[in-house]
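Summary of the model geometry
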Amino acid sequence: MPINPAPAETSPKGTPRLRLILTPYKSLTPEGFVWFIGVTAALISMPLLSILGTSVFWALLPFLIAAIWGIWAALKRSWRDMDLYEEVTVWDDLIRIERHEPKRDVKDWEANPYWVRATLHTKGGPVPNYLTLNGGAREVELGRFLTPLERVELKGLIEANLGPV
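These numbers were taken from a predicted model, which means no experiment stands behind them.

It is worth spelling out the side chain of Glu 87 at this point. For Glu 87, the location among the structural elements is in strand β3 (residues 85-90). Here Arg 19 takes part through its side chain, which lies 2.7 Å from a polar atom of the side chain of Glu 87. Not counting the four nearest positions on each side in its chain, Glu 87 is found in contact with Arg 19, Leu 20, Ile 21, Arg 96, Ile 97, Glu 98 and His 100.

All right, on to the sheet that holds strand β6 (residues 117-121) then. Taking strand neighbours across the sheet as the criterion, the three strands line up as β6-β7-β8 in an open arrangement whose pairing is antiparallel. The open sheet has two edge strands with one neighbour each: β6 and β8 (139-141). Recorded for the sheet is a direction-independent mean angle of 30° between the axes of neighbouring strands. Two strands pair when backbone bridges link them, and strand β7 (residues 130-134) and β8 are joined in this way by three bridges, in the antiparallel orientation. Counted as the bridge partner of Asn 134 is Glu 139 from β8.

Reading the values: rules and limits
Residues numbered from 1 in each chain as written. Predicted model: local features only at pLDDT ≥ 70, side-chain atom pairs only at ≥ 80, totals over all residues. Heavy atoms only, no water. Helix = DSSP H or I, 4+ residues; strand = E, 2+ residues; numbered from the N terminus. Polar contact = N/O pair within 3.5 Å; in protein donor to acceptor, adjacent residues only side chain to side chain. Contact = heavy atoms within 4.5 Å. Pairing = 2+ DSSP bridges. Axes fitted to C-alpha atoms, helices over the stretch in contact; angles between N-to-C directions.

What follows is the structure in structure tokens.
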């Protein structure tokens, strides 16, 4: 599940009420990646076995290698794009959200949790059940990469930890 409770670490603000690390779901494991590339290469190579040793084989081989390399590069790029996460930390007097994206600066947002309102936009958002938090100088999105049901669960979890103790 992409909504992972993180260990509560003591900071200058004390122990947080809630600390979550939100990550996108990755369906392909590193072992699965190796298997997929291997099976794909074997299946694409099958038709070439009938022309093995001919000049046509050598003419088609670069295209086979390019196709396998293209699949490999696309999957690696997809993984790199999914190396992002959001960290949500709620103390009694502060909520902090940090968004970590590959090759970009960390984006952060802070507000007093008493004034923060979580809004679930069931229609009209860029994704179904679009979740935003409002309470500071700006409204921020949260968990856009999560499934719609996970965003509903996240809203309930955050609302349960907002406001007075």
